[in-house]
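Chain by chain, the residues run as shown.
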Amino acid sequence: MTQPPAARRIGILGGTFDPVHIGHLRSALEVVELMQLDELRLLPNARPPHRETPQVTAQQRLAMVCGAVEGAAPLRVDARELARDKPSYTIDTLESLRAELGADDQLFMVLGWDAFCGLPSWHRWEELLQHCHILVLQRPDADVEPPFELRNLLAARSESDPTAMSGPAGNISFVWQTPLAVSATQIRQLLASGKSVRFLVPDAVLAYIEAHDLYRASN
């Protein structure tokens, strides 16, 4: 009798990646190792509903993310949100992913603390846990209380040990992160003022930025 395929463990980390930097990649790698994921997909947003329009094109941001993860398995790039001609709603992405995954595959959506606290403003946010578990990246210095709308959800769905979350979806847990004081905003500001961002982004990303003269003050 043929054995059914083992359930996979898939992580997703969305963002504008404008540009992708070592903070994104280090967080992704730490989650992969802690959760023993089969893969973690970086999902560049096309038109994020809650943020300003990215400074560079979707194709340029995608190229930088692809360069950043090359040779860094099990990190991968998933470009499905860039193919949409409408805002990047996470619920649409989760439904699309679920249609491709096995019924028992575990799907983990990785969010920063600020993004997690903003969930009540997301499109159909109450449905997210039908499709995935949520892993919240929390720095040791984070002491902000979650909004009222999330407190009942946390009380009902929290799992203190992220590695103990079972089933394909439905729970929330927190992952403590190594604080890296780097942000895409900081990188864009440095580049706009003509300063180096070496060691803040992967070498492949730096080479792409320089080759295409991105984020300069004249852009």
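Residues numbered from 1 in each chain as written. Predicted model: local features only at pLDDT ≥ 70, side-chain atom pairs only at ≥ 80, totals over all residues. Heavy atoms only, no water.

**Student:** Would you take a moment to explain the packing of aromatic side chains for this structure?
**Tutor:** What characterises a pair of aromatic rings is the spacing of the ring centres plus the angle enclosed by the ring planes. Under the definition given, this model contains three aromatic pairs. Relative to Phe116, the ring of Trp113 lies with its centre 5.9 Å away and its plane at 40 degrees, an arrangement referred to as tilted. Linking Trp113 with Phe116, this pair stays in helix H4 (residues 113–117), spanning three residues, or about one helical turn. Both residues of the pair, Trp113 and Phe116, count as buried. The structure contains a cluster of three or more aromatic residues connected by ring pairs, namely Trp113, Phe116 and Phe174. (Phe/Tyr/Trp six-rings, centres within 6.5 Å; stacked < 30°, edge-to-face > 60°. Helix = DSSP H or I, 4+ residues; strand = E, 2+ residues; numbered from the N terminus. Buried < 20%, exposed > 50% of the residue type's maximum accessible area, 1.4 Å probe, protein only.)

**Student:** Just to check I follow, could you spell out the pairing of strand E4 (residues 106–112) for this structure?
**Tutor:** When a strand is regular, its side chains alternate between the sheet's two faces. Of all the seven residues making up E4, six are buried; the element is thus mostly covered by neighbouring parts of the structure. Pairing geometry for strand E1 (residues 9–15) and E4, over five bridges, is parallel. Across the sheet, residue Gly11 finds its bridge partner in E4, namely Phe108. Examined bridge by bridge, E4 and strand E5 (residues 133–138) share five bridges and lie parallel to one another. Looking at E5, one finds that Gly112 is bridged to Leu137. (Pairing = 2+ DSSP bridges.)

**Student:** For this particular structure, what's the right way to read the side chain of Glu39?
**Tutor:** Its place among the elements puts Glu39 in strand E2 (residues 39–44). Exposure remark for Glu39: the relative accessible area of 10% places this residue in the buried category. Of the polar contacts made by the side chain of Glu39, one reaches the side chain of Arg41; its length is 2.6 Å. Glu39 has contacts with Arg8, Arg9, Ile10, Gly11, Pro74 and Arg76, leaving out every residue within four places of it along the chain. (Polar contact = N/O pair within 3.5 Å; in protein donor to acceptor, adjacent residues only side chain to side chain. Contact = heavy atoms within 4.5 Å.)

**Student:** Even after reading the chapter, I still don't get helix H7 (residues 203–212), so can you show me in this structure?
**Tutor:** Helical periodicity: at 3.6 residues per turn, an α-helix aligns residues three or four positions apart in one direction. All of the buried residues along H7 are Val205, Leu206, Tyr208 and Ile209. Taken down its axis, H7 places every buried residue within 160 degrees of arc, on the same side. More than 90 degrees from the buried face of H7, the exposed residues found are Asp203 and Ala211. Residues of H7 that are buried in the fold lie against helix H2 (58–69) and helix H6 (184–192). Immediately downstream of H7, the backbone of Asp213 shows phi near 55 degrees, a positive value. (Arc of directions from axis to C-beta.)

**Student:** Looking at this structure, I do not really get the sheet that holds E2. What am I missing?
**Tutor:** Think of a sheet as strands paired side by side through backbone hydrogen bonds, with each pair either parallel or antiparallel. Strand order in the open sheet formed by six strands is E3-E2-E1-E4-E5-E6, and the pairing between neighbours is parallel. Two strands close off the open sheet at either side, each with one partner strand: strand E3 (75–77) and strand E6 (172–176). Strand-to-strand, the axes of this sheet are offset by a mean angle of 30 degrees, without reference to chain direction. Across the sheet, helix H3 (residues 90–100) touches E1, E2 and E4, and the angle it forms with E4 is around 155 degrees. (Axes fitted to C-alpha atoms, helices over the stretch in contact; angles between N-to-C directions.)

**Student:** Just checking my understanding: could you explain the pattern of salt bridges for this structure?
**Tutor:** Should the charged atoms of two oppositely charged side chains come close, the side chains can pair. Tallied over the full model, the rule gives eleven salt bridges. Among the salt bridges present, the one from Arg8 reaches Asp105, with a minimum N-O distance of 3.6 Å. In this pair, Arg8 sits in the segment before E1 while Asp105 sits in the loop between H3 and E4, placing the two residues 97 residues apart along the sequence. According to the relative accessible area criterion, Asp105 is buried, its value standing at 7%. Among the ionic pairs, Arg216 bridges to Asp213, the shortest N-O distance being 3.4 Å. For Arg216, a relative accessible area of 22% translates into the label partly exposed. (Salt bridge = Lys/Arg side-chain N within 4 Å of Asp/Glu carboxyl O.)

**Student:** Sorry if this is basic, but what is going on with the nonpolar core here?
**Tutor:** A general feature of soluble globular proteins is that nonpolar side chains tend to end up buried together. With 36 residues, the main nonpolar core has Val20, Val31, Leu40, Leu42, Met64, Leu135 and Val197 as its most contacted residues. Listing elements by their share of this core, those giving two or more residues are helix H1 (22–35), E2, H2, E4, E5, H6 and H7. In terms of residue count, H1 provides more of this core than any other element does, five residues in total. When sequence neighbours within four positions are dropped, the list of residues in contact with Val197 reads Ile187, Leu190, Leu191 and Leu206. Counting residues in hydrophobic clusters, the runner-up holds 24 residues, among them Leu43, Leu111, Trp125 and Leu128. (Core = buried A, V, L, I, M, F, W, Y, C linked by side-chain atoms within 4.5 Å.)

Nothing here speaks to function; it is geometry throughout.
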